[in-house]
Amino acid sequence: VDLNGCLNPEATRALVQAVRMLETASLDDKSSSRVLLTTHVNPDGDAVGSTIALAHALRDRGTTVDVVLADPPPVYCKFLPGVEWITPCIPSMPPDLAIVCDAAGIDRIGPVDHAVKVARQTIEIDHHGVARPFGDVRVVDDNCAATAELVYYLLTALKAPITPAIASSLMMGLVTDTGSFRFTNTNTRAFRLAATLMEAGADLSRIMDQVYDQKTVSSLRLLERAISHLRIANSFASATLSRHDFQQTGATQGEAEGVIGHLRSLKGVQVAAVLRETGPAEARVSLRGRPGYNVAEIAALMGGGGHAAAAGCTIYLPLDEAERRLRETVYKFLDQIKKSVS
Ligand code: 5GP
Ligand code: MN
């Protein structure tokens, strides 16, 4: 495999091993060899795009795949050919091989973890910096803008043809994880990959339209609610969304996804958070940080994780208390950064 040094040496070695495993999976008795594909709970564009791209490539090679996700794909991914393969149903037979995309730990894939644990072998494909390893083979490189980039290298090494369907799936991952090439994970390789995927027939205009220009009125009403609860202090912006807010606007939890971007984009804000009430004493927290503010550290302090620029956690407290707890943690974190700078 010649990746021209795109990946770190460990990931390159793991990629070679993964190729071997996949070659065996397709050569074995096809009727009995099964590959399970999965990704993290509440999947985003990269999670779904990476998984679907792999599903296409393996099916094109004649391998039987089960695409098992704990949660349904986001609405903007539903046009991707192959999303119809996604099911929450765990197959009764243990898979010969499980491939887990974009998940920093086996605890991130929800109830699908049972199926992965009984698989004969597991391949992990991921770009998280901090992860709890679980795979037999780990194709992990945090210099990759998206897991989709790693999947692209794997498919190239497998000499799998990049069909337009695969190109669009990978482009979905690349576009959403880089915030359309705005976030600091955007590097020259991301642009090269984008160009290659365009050549392979990725439908970029459709992706952009689905991701950015298909907003529902209920999501806008939810944004209105979030803004009415906005608090900004010490360069930290936060907003809460209660169950009442969701009921009143008719918005789904998924429709809250865009809110955090508005907070992050505010002048003077370094760290932004949206807290969603998901139970009487349970709040889901989305965190975003500007360069120099590693919000994965904040999330980790609260039992979560993620990337430097985008992370999350769950706080098991009533919404208002959860926000208070989060504020304390963020202020301490910001104080430490201030001290280390001065
Ligand atoms: P989001 O705000 O979109 O839900 O999550 C942003 C990123 O943070 C995700 O891509 C994921 O990497 C990470 N993340 C979110 N929630 C959790 C969590 O509870 N635990 C861990 N380890 N990572 C999380
Ligand atoms: Mn990702």
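Provided above is the structure to which this section pertains.
Residues numbered from 1 in each chain as written. Chains lettered and ligands numbered in written order. Predicted model: local features only at pLDDT ≥ 70, side-chain atom pairs only at ≥ 80, totals over all residues. Heavy atoms only, no water.

## Some thoughts on the environment of Met302
Turning to step 1, where the next piece is worked out: By secondary structure assignment, the location of Met302 is in the loop between α11 (295–301) and β10 (305–306).
Turning to step 2, where the next piece is worked out: Not counting residues up to four positions away in its chain, the partners in contact with Met302 are Cys313, Thr314, Ile315, Arg325, Leu326 and Thr329. (Helix = DSSP H or I, 4+ residues; strand = E, 2+ residues; numbered from the N terminus. Contact = heavy atoms within 4.5 Å.)

## Regarding the site of ligand 1
Turning to step 1, where the next piece is worked out: With respect to spatial proximity, 15 residues lie near ligand 1, and among them His128, Arg284, Ser286, Arg288 and Gly305 are the closest.
Turning to step 2, where the next piece is worked out: For ligand 1, an oxygen atom lies 3.0 Å from a polar atom in the side chain of Arg288.
Turning to step 3, where the next piece is worked out: Between a nitrogen atom of ligand 1 and a main-chain N or O atom of Gly305, the distance comes to 3.1 Å.
Turning to step 4, where the next piece is worked out: Contact with the protein chains removes 83% of the 500 Å² of surface that ligand 1 exposes when unbound.
Turning to step 5, where the next piece is worked out: Tallied by class, the residues present in the shell around ligand 1 amount to three nonpolar, seven polar and five charged. (Near = heavy atom within 4 Å. Polar contact = N/O pair within 3.5 Å; in protein donor to acceptor, adjacent residues only side chain to side chain. Areas by Shrake-Rupley, 256 points an atom, 1.4 Å probe, with all protein chains shown as cover. Nonpolar A, V, L, I, M, F, W, Y, C, P; charged D, E, K, R; others polar.)

## Description of the coordination of the manganese ion (ligand 2)
Turning to step 1, where the next piece is worked out: Surrounding the manganese ion (ligand 2) are the protein donor atoms Asp46 (OD), Asp102 (OD), His127 (NE2) and Asp177 (OD), which sit 2.2 to 2.4 Å from the metal.
Turning to step 2, where the next piece is worked out: Mapping the donors of the manganese ion (ligand 2) onto the primary sequence gives the spacing D-x55-D-x24-H-x49-D. On the criterion of sequence distance, the pair formed by Asp46 in helix α2 (residues 45–60) and Asp102 in the loop between β3 (97–101) and α3 (113–117) is long-range, its members being 56 residues apart. (Donors = N, O, S within 2.8 Å, 3.2 Å for Na, K, Ca; no water.)

## Comments concerning the environment of Trp85
Turning to step 1, where the next piece is worked out: Residue position: Trp85 is located in the loop between β2 (64–67) and β3.
Turning to step 2, where the next piece is worked out: Residues Trp85 and Ile52, 33 residues apart in the sequence, show an inter-C-alpha distance of 8.5 Å.
Turning to step 3, where the next piece is worked out: Beyond its immediate chain neighbours, meaning those up to four positions away, Trp85 contacts Ala55, His56, Arg59 and Val67.

## A look at the sheet that holds strand β1 (residues 34–39)
Turning to step 1, where the next piece is worked out: Reading across the sheet, the five strands line up as β2-β1-β3-β4-β5 and stay open at both edges, with parallel pairing between neighbours. The two strands at the open ends of the sheet, each matched to only one other strand, are β2 and β5 (137–140). With strand direction ignored, the average angle separating the axes of adjacent strands in the sheet is 20°.
Turning to step 2, where the next piece is worked out: Pairing between β1 and β3: five bridges, direction parallel. Counterpart to Thr38 in the pairing with β3 is Val100. (Pairing = 2+ DSSP bridges. Axes fitted to C-alpha atoms, helices over the stretch in contact; angles between N-to-C directions.)

## Some thoughts on the sheet that holds strand β9 (residues 282–289)
Backbone-to-backbone hydrogen bonds join strands into a sheet, with any given pair of strands oriented parallel or antiparallel.
Turning to step 1, where the next piece is worked out: The strand order β6-β7-β8-β9-β11-β10 describes an open sheet built from six strands, whose pairing is mixed. Edge positions in the sheet fall to β6 (231–233) and β10, since each has one partner strand and no second.
Turning to step 2, where the next piece is worked out: Pairing geometry for β6 and strand β7 (residues 236–241), over three bridges, is antiparallel. Within β7, the residue paired with Ile232 across the bridge is Ala237.
Turning to step 3, where the next piece is worked out: Contacting β6, β7, β8 (271–279), β9 and β11 (310–315), helix α12 (residues 319–341) runs over the sheet at an angle of about 165° to β7.

## Considering the nonpolar core
Turning to step 1, where the next piece is worked out: Grouped together as the largest cluster of nonpolar side chains are 64 residues, with contacts concentrated most on Leu37, Leu54, Ile99, Ile123, Ile125 and Val139.
Turning to step 2, where the next piece is worked out: In terms of nonpolar packing, the next biggest core, distinct from the first, is built from 24 residues, Ile298, Ile315, Leu317 and Ile337 among them. (Core = buried A, V, L, I, M, F, W, Y, C linked by side-chain atoms within 4.5 Å. Buried < 20%, exposed > 50% of the residue type's maximum accessible area, 1.4 Å probe, protein only.)

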